[in-house]
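Listed here are the chains, written in short residue letters.
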Amino acid sequence: MQRTRSGLEFPGNYADPNAPVALSEVRKLVDEGQYAEATAAAVKLSDHPSDVYQLLGDIKLDFDDSHRSYAEETYHRELDLDTATVTVKYSVNDVEFTREYFASCSDQVVVMKVSANKPGCVSFTVSLDSKLHHRTYVDGKDEIVMQGSCPGKRPAPKVNANDNPEGIQFAAVLHLLISDGQGTISVLDDKRLVVKGSDWAVLLLVASSSFNDPFTKPSDSPRDPTSESIRFMESIRNLSYSDLLLRHLNDYQSLFHRASLQLSKSAKTASKDMSLEINRVLSSTSVSSIKDKSVTISTAERVKSFQTDEDPSLVELLFQYGRYLLISSSRPGTQVTNLQDIWNKDIEPAWDASPHLNINLQMNYWPSLSCNLEECQEPLFDFISSLSVNGSKTAKVNYEVSGWVAHQVSDIWAKTSPDRGRGGFLETNPSTSPEHMFTATDGKPASVSYSTTMDMAIIKEVFLAIVAAAKILGKNDNALILKVQEAQKGFHQQKLQEMVPSWNGYVKFYDAEDFEDPDVHHRHVSHLFSLFPGHMISVEETPDLCRAADYTLYKRGEEGLGWSTTWKIALWARLHNREHAYRMVKHLFNLVDPDHEGSFEGGLYSNLFTAHPPFQIDANFGFSTAVAEMLVQSTMQDLYLLPALPRDKWPNGCVKGLNARGRVTVNICWKEEEMHEIGLCARSSATGGPSKEGPILMERTDEPEPLKVTFGGPAKDFTDAAPIGNGRLGAMVWGGVASELLPAQRPDVRQVLSTVIVEAWRREDTLWTGTPGNYTDPKVPAALADVRKLVDDGEYADATSAAVNLLGNLSEAYQLLGDLKLDFDDLHLTYAEQTYSRELDLDTATVRVGYSVGDVGFFREYFSSYPDQVIVMKISASKSGFVSFTVSLDSQLHHQSYVKGSNQIFMEGSCPGKRIPPEVNDNDPKGIQFCGILDLKISEENGMINWAILCLVASSSFDGPLTDPSDSKKDPTADAVHALKSIRNLSYSELYARHLSDYQNLFQRVSLKLRKSSSSPNAMVYASLATGEPSSITDLCNKGNESGKISTADRIRSFAIDEDPFLVELLFQFGRYLLISCSRPGTQVANLQGIWNKDIAPKWDSAPHMNINLEMNYWPCLPCNLAECQEALFDFLSSLSVNGCKTAEVNYGARGWVVHHKTDIWAKSSPVSGEVVWAMWAMGGAWLCTHLWEHYKYTMDKEFLRNKAYPLLEGCAQFLLDWLIEGPDGYLETNPSTSPEHSFIAPDGKPASVSYSTTMDMAIIKEVFSGVAAAAEVLGYTNSDLVNKVRKAQTRLRPIKIAMDGSIMEWALDFKDPEVHHRHLSHLFGLFPGHTITLELTPDLCTAAEKSLYKRGEDGPGWSTTWKTALWARLHSSEHAYRMVKHLITLVDPHHEVSFHGGLYSNLFAAHPPFQIDANFGFLAAVMEMLVQSTAKDLYLLPALPWDKWGNGSVKGLKARGGVTVNIHWSEGDLNEVDVWSKDRISLHKLHYKGTSVTVDIASQRVYTFNGQLRLTKTCSV
């Protein structure tokens, strides 16, 4: 049902020349004490009734009869407050139907989408109808037009009546869209449209009216509602559903997301409320009606049960529902919210649905300021302006006074005269207490007297405001102000009665006389206006009046309609009486049956509308305001925190984004009934003085801050730029603007040259030097025999020298695609630095840059889309005609670039066919060919450009590791053209929506929240409200640079002091962002720099290194719920196994396959040339194979194990069986053997690196053999010859030994270690990532591993630091694990970096230095180990959590071995709750926490919730 704001009568004459005589008569009667007679006489002062709000009409959808047989248990209907969308779902047989609805403010359209999960199932008939005079007709093939008019007179019209002139005209247009190529639209009786056999349908409804303003008659209106409606429709005709939804979300969420509220009961009494609830969206931001109780309960049921369970999340919901309604009904340019806002069901609504000015309209706007929706108040101020015009006439004629006046009821025509009386009620002059009678001294009922308490309170508030405003504006000497100040003095004499308590201790509702009250429980609380919303009664300044107000509220009682109840909540809150404020909250939560409602009983309907009854929206708004009053109260100088918080009901919670007086925004967190922390932000100039409590505790609240990497200016270095990527295409966004800060002469093309901005280094993951190689050497077997003999003879130094003969050629190098260059005009040289902002938003995988030049704001957005394989950039300005630039493509590789058509640049080129960069026109073979295409679109109106969209696609001729580029069938230019063609018809919004849908499906699976313990010594810091300055740079999230944000670099700098847990969260999620952005199905593996590097000859070739780095890149995939990101690794393993088979056979005379320490895009499997200490290591493929078995343990995917994993494991095991040789003491040995990159001192005193059976070799082989045996058991291969050989070999592998100093031996012999602080921790592989060293099974080895870690020390490159973090976590040493976390979070200056010292760059890239991405991923895995550890049957909860640092927190969506998903919540250093579930197979058998173990019986497809004592508390369906 649609509505438009329409009145009935024409603009009225709100002046009555007979009123002055009637006024004199009434005043005389009042002076004589004849109040009943004055009441009767006052009717002469009233005017004609106000006009009535009307309905626009109905959209009617008729579905076929099959929908009558829908399965009731599948029905789902919800209003999602977070997105302002309604969704309806149900199933008919095996077809699920979905309807989605939203009303867009940005596009002024109501949108509805009807869809089904099977093609061709959407069929219905649609029509428009109205109760007003109207006609409808079909226009064209897909639009219905409805035109009509409201009655020109208030009485309901009769059809074809000629005595009722037409009032406001209206028109509505319904546009219908269906899926392309599927389904039909036909016309029925020229009024209806019929859809048949479509996949989906989108209905767009726009409407307009001829209302021009309150002073223009409809007949004189220049507005044509039909033309306007058509124009509205034309403006959105080319917008897709996704476009419309995205624009709606951007607009709505910019308001709704400003404030949040979380309330929960004590962890001791209701731990579920602070847990990571699976249905949080439904329970806290949706109003739902769902029949399947296993999923959730309807909101109506929750309201019913509130008297019993007092669910605080329902309070949250109602609070946010009020904010949703305000955003949805009052926006700049609309009419004011009326009694039912924009929603009512009747053509003659109760009380005309008019704005009532004696409480209701004001209450509608109470939450605008405190709830951070200031813009929503604009219609009220516009309405007041209109009222002042008509009101000045009413004041002059009716009352013969200056100024303006309005009375109790108004309408769209800004009616200002008194409404026609109902029972003699009148508003303020003569004086009444709204809608309340009294018994006069002569025993007669009356309502008119003089100087009611409310009159005096309002006048005092107005006078105070005028004087204060005059002081601010410098108008103190204005004649009006002097008169007001003189009148104020009379408040304390007898000219205006002062407020005093009555004889019985109550506040009088009539100042003049202590009349008898015939209705002590009256709904209005007008005489307490000075307590709330006024400020004349306060706990500090007028304690006697507060006591009287307290008595007054007792006298009024708790019963009453909805708005009365919420007003009482606010009043009790102002008295700081939390018990009674909460009693009124609870009183409101009563479900009202609309078929059996009683007047003035209040409560809530099932959709959370508040009841008078009937429905009046004011109480919805009053409730949001009242809750805000319970949490924050303020004056211009003082801020009162949690003044009426019902601590026994809401002992834990946080509120974010409330506004207080003095332009202060407030965030508060409290725990177990005590204040925990508060954050304050001055939105402009805060006027607050010191708090009454002294310094206010200030820090971040419990609300999560945005996951954004922020920068203080344009990037000066590669490691200050922001990375984007889609797995294949990557870029670094520098965000440059022309600036004197960057040396113009610097010959580094990554910097700004004059006004040229190199926005992004662009990368395509298949661009490498070289061609497929021959990774075999028939000379190696003889050399291998020599090396083995030298090792057997104990000649380790000589064996090391001889092992050079085992090495091969260099690997190839990763290459850059090129640069996108933008040249802006000189205008940008003058940008205001303080306006600059640059951020990487991890939640949306979007980089944004903004700055201002004069009064023009410039904006850029960047993202790299996986579904559409394109990098997208949008450039816009706040004013039309200011977007101007020159764009070009360039590359350091051989290339040519040219313009094609009017809007595209092509760049074609090739990588070097040899590793050494070729000279121009040389004869080196051509390598991989590439093509990049830049497509440019602009928005042009009147010759001026408003925005520009740049889309970059790229492709190469790489066709697999085994295909020579010269033999490739791929045409990169044709592929790039095809990629661009596939997105040609997609708008920017559609590209962005598709990008978000894909990315967030992965990213939003896991969340992490970390907070300090309230007892932590640095959990809170101090700041003064007067200055708002925190004592350290990250004490307050909104403090920092001019733009209101501190840079991430500054946060890293301060971490050593503040140990900000939010930064740990950010770094954790940054790692997940990078993994999603650089490794996706179908891409290459993430290399040493992911897909990002800055050099044509990168450090270490940017190649995959397999002696820790490549493996670390993929450690987090499984526990962090990104299993898909590992597919690229397994595809690469398959290629490695092909080349590795040849290397194994020719070089080593072995079966199976082998890979060494370094590889490249051509799947190089032989050792690289270089130093033996790092090049000669044959365990690279074996280590990678452990990921295969881990993947099965996490996913329990038997098909993957059979078809992908086991064949690779089998080949690896074959090689290892042949590589192992009989040793002199009966063990099977590896010879030669190195411990990656680490040398030793041989017994003869010579340095060496080659020996036999290093600890790491043995540990990896044990893991592989164990995985093969276990996989064979799962697959039924236990009797195979290979498995039998593996089992026999397992018993003959050299065990891990403990050295003389108590540490783990790194080599088979206890050699002297010349570098005890070496970066590698290879000998601890069995502890992590392996599983042969465990606290339960090998405690002695764990003790030795601990000593080894002490011996290695804390210093080292980033990846070493994160490996140490994980190792300490496996030892359950939270203290040392956290020390390594802290060690990593140190800022690295790229101009003064120290090799092997680790740390983080300003963009959160991890440092070796230089940048290596492995530590970003290693950090992820290490944090996961601190939170959850697992075997196939055991789950260890919070095994290495640093309770004193992260005493409160939660993690959601982690994966564990055994096919388990885990949510954990903990508070104040103790486990609060854990959820575990699996959708498929599950093998979990035991839960472990702090020494307690319990056996669990878990089934798939169900969620099991355990409390802190590991007791099962509830279970439900997934």
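Relevant structure appears above.
Residue numbering note: each chain is counted from 1, following its sequence as written. Where totals are concerned, whole chains, interfaces and linings use all residues; where local detail is concerned, this predicted model gives features only for residues with pLDDT of at least 70, and gives and counts side-chain atom pairs only at 80 or more. Derived side-chain values reflect all non-hydrogen atoms in the structure, with water molecules and hydrogen atoms excluded from consideration.

Engineer: Residues and numbers for the overall build of the protein, please.
Structural biologist: By the criteria applied, helices consist of DSSP H or I runs no shorter than four residues and strands consist of E runs no shorter than two, each listed in order from the N terminus. The helix and strand inventory of the protein stands at 33 helices and 52 strands. Relative accessibility under 20% of the residue-type maximum defines a buried residue, over 50% an exposed one, and the middle range a partly exposed one, all with a 1.4 Å probe and only protein chains included. With 1518 residues in all, the protein has 60% of them scored as buried. Put simply, 67% of the contacts in the protein that link residues at least 6 apart link residues at least 24 apart. Per-residue and other accessible areas were derived by the Shrake-Rupley procedure at a 1.4 Å probe size, with only the shown protein chains allowed to occlude residues. Total accessible area on the protein is roughly 57,500 Å²; 51% of this is exposed by carbon and sulfur atoms. Residues are treated as being in contact if the distance between any of their heavy atoms lies within 4.5 Å.

Engineer: So, the sheet that holds strand S36 (residues 926–941): which residues are in play, and what are the values?
Structural biologist: Paired strands are those between which DSSP finds at least two bridges. Read across the sheet, nine strands follow the order S24-S29-S30-S31-S32-S37-S36-S35-S34 without closing on themselves; strand pairing throughout is antiparallel. Of all strands in the sheet, those with a lone pairing partner are strand S24 (708–711) and strand S34 (894–900), marking the two edges. Across the sheet, the mean angle from the axis of one strand to that of its neighbour is 15 degrees, orientation sign disregarded. For every element, the axis is a line fit to its C-alpha atoms; helices are fit only across the contacting stretch, and the angle between N-to-C directions ranges from 0 to 180 degrees.

Engineer: Lay out a negative patch on the surface in plain terms, naming residues and giving numbers.
Structural biologist: To count toward a patch, a residue needs a relative accessible area over 30% and no salt bridge; like charges are then connected within 9 Å, while nonpolar side chains (Val, Leu, Ile, Met, Phe, Trp, Tyr) are connected within 5 Å. What makes a salt bridge here is a side-chain nitrogen of Lys or Arg within 4 Å of a carboxyl oxygen of Asp or Glu, nothing more. Positive: Lys, Arg. Negative: Asp, Glu. His and the chain ends are not part of the count. Charged groups are reduced to one reference atom each: NZ for lysine, CZ for arginine, CG for aspartic acid, CD for glutamic acid. Side chains of Glu579, Asp648, Glu672, Glu673, Glu674 and Glu1468 sit close together on the surface and give a patch of like negative charge. Summarising the element assignment, Glu674 is placed in strand S22 (residues 674–682).

Engineer: How would you sum up the nonpolar core? Please name residues and give values.
Structural biologist: Formed by 238 residues in total, the largest nonpolar core has its most connected members in Tyr1073, Phe1265, Trp1363, Leu1427, Ile1464 and Val1476. Considering each element in turn, this core owes the most residues, twelve residues, to helix H27 (residues 1198–1219). In this text, buried Ala, Val, Leu, Ile, Met, Phe, Trp, Tyr and Cys residues form a nonpolar core when linked through side-chain atoms within 4.5 Å. Formed by 92 residues, the second largest nonpolar core is a distinct cluster that contains Ala457, Leu561, Trp670 and Leu680.

Engineer: Outline the sheet that holds strand S50 (residues 1492–1495), listing residues and values.
Structural biologist: The strand order across the open sheet built from four strands is S44-S45-S49-S50, with neighbouring strands paired in mixed fashion. Of all strands in the sheet, those bounded by a partner on one side alone are strand S44 (1428–1430) and S50. Along the sheet, successive strands turn relative to each other by an average axial angle of 20 degrees, direction set aside. The strands touched by helix H33 (residues 1414–1427) are S44 and strand S45 (1434–1437); relative to S44, the strand with the most contacts, the crossing angle is about 80 degrees.

Engineer: Go over the pairing of strand S6 (residues 109–116), please, and point to the residues and values.
Structural biologist: Within S6, six of the eight residues are buried, which leaves it mostly tucked inside the rest of the structure. Hairpin remark: strand S5 (residues 95–104) followed by S6, antiparallel, with four residues in the connecting loop; positive phi at Gln108, about 50 degrees. Bridge count between S6 and strand S13 (residues 200–209): six bridges; the pairing is antiparallel. Bridged to Val111 within S13 is Leu204.

Engineer: Just give me the short version of the packing of H27 against helix H28 (residues 1255–1275), but keep the residues and values in it.
Structural biologist: One way to put it is that H27 packs onto H28 with a least axis distance of 9 Å and a crossing angle of 140 degrees. By the angle class used here, H27 and H28 are oblique. Classified by chirality, the crossing of H28 by H27 is left-handed. Touching Lys1198, Leu1201, Arg1202, Tyr1206, Leu1209, Cys1212, Ala1213, Leu1216 and Leu1217 of H27 are Ile1261, Val1264, Phe1265, Val1268, Ala1271, Ala1272, Val1274 and Leu1275, all from H28. Under the scheme applied, nonpolar residues are Ala, Val, Leu, Ile, Met, Phe, Trp, Tyr, Cys and Pro; charged residues are Asp, Glu, Lys and Arg; polar residues are all the others, including Gly. When the residues that make up the contact of H27 with H28 are grouped by side-chain class, the tally is 15 nonpolar, no polar and two charged. For classification purposes, angles smaller than 35 degrees are called roughly parallel, those larger than 145 roughly antiparallel, those between 65 and 115 roughly perpendicular, and all remaining angles oblique. We call a crossing left-handed when the near helix sits turned anticlockwise from the far one by less than a right angle, and right-handed when that turn is clockwise.

Engineer: I'd love a proper account of the side chain of Ser208, names of residues and values included.
Structural biologist: You can see Ser208 is positioned in strand S13. On the basis of relative accessibility, which here comes to 6%, the residue Ser208 falls in the buried class. Not counting residues within four places of it along the chain, the set of residues in contact with Ser208 comprises Gln169, Phe170, Ala171, Arg223, Pro225, Glu228, Ser229 and Phe232.

Engineer: Quick one: what's the story with helix H22 (residues 1061–1078), residue by residue and with numbers?
Structural biologist: The terminal C-alpha atoms of H22 lie 26 Å apart, and with 18 residues this matches the ideal 26 Å at 1.5 Å per residue to within 8%. Most of H22 sits out of view: 18 of its 18 residues are buried. Counting of polar contacts relies on pairs of N or O atoms within 3.5 Å, with two restrictions inside protein: one atom must be capable of donating a hydrogen and the other of accepting it, and residues adjacent in sequence are counted only when both atoms are side-chain atoms. By the N-cap criterion, in which a side-chain oxygen at the helix start approaches the backbone nitrogen of a residue two or three places on, H22 is capped by Asp1060, the distance to Phe1062 being 3.0 Å. Expected span, for any helix, means 1.5 Å times one less than how many residues it has.

Engineer: Describe the packing of aromatic side chains, and please don't skip the residues or the numbers.
Structural biologist: Each aromatic pair joins two rings of Phe, Tyr and Trp (for Trp, the six-membered one) with centres within 6.5 Å, and gets the label stacked for planes under 30 degrees apart, edge-to-face for over 60, and tilted for any other angle. Tallying each qualifying case throughout the model produces 59 aromatic pairs. Judged by centre distance (4.0 Å) and plane angle (15 degrees), the ring pair of Phe438 and Phe515 falls under stacked. Note that Phe438 is positioned in strand S16 (residues 438–439) and Phe515 in the loop between helix H12 (479–490) and helix H13 (543–556), a separation of 77 residues in sequence. By relative accessible area, which is 8% here, Phe515 ends up buried. Centre to centre, the rings of Tyr1206 and Tyr1277 are 5.1 Å apart; their planes meet at 65 degrees, and the pair counts as edge-to-face. Taken as a pair, Tyr1206 in helix H27 and Tyr1277 in the loop between H28 and helix H29 (1281–1290) lie far apart in primary sequence, 71 residues in all.

Engineer: Tell me about the side chain of Ser431, residues and numbers included.
Structural biologist: Inspection of the secondary structure puts Ser431 in the loop between helix H10 (378–398) and S16. Relative accessible area serves as the criterion here: at 3%, Ser431 is assigned to the buried category. A polar contact of 2.9 Å, which involves the side chain of Ser431, links it to the backbone nitrogen of Thr452. For Ser431, the side chain forms a polar contact with the side chain of Asp455, separated by 2.5 Å.

Engineer: Residue-level account of H10, with values.
Structural biologist: For H10, built from 21 residues, the straight-helix expectation of 30 Å at 1.5 Å per residue is met to within 8% by its first-to-last C-alpha distance of 29 Å. The angle separating two fitted axes, one through the seven residues that finish at a residue and one through the seven that start at it, defines the bend at that residue. Taking the largest bend as the criterion, H10 deviates by roughly 30 degrees, centred on Asn390. The complete set of buried residues in H10 reads Pro379, Leu380, Phe383, Ser386, Leu387, Asn390, Gly391, Thr394, Ala395 and Asn398. Check the buried side of H10 and you find it contacts helix H1 (19–31) and helix H8 (360–365). One or two positions beyond H10, positive phi appears at Glu400, with a value near 55 degrees.

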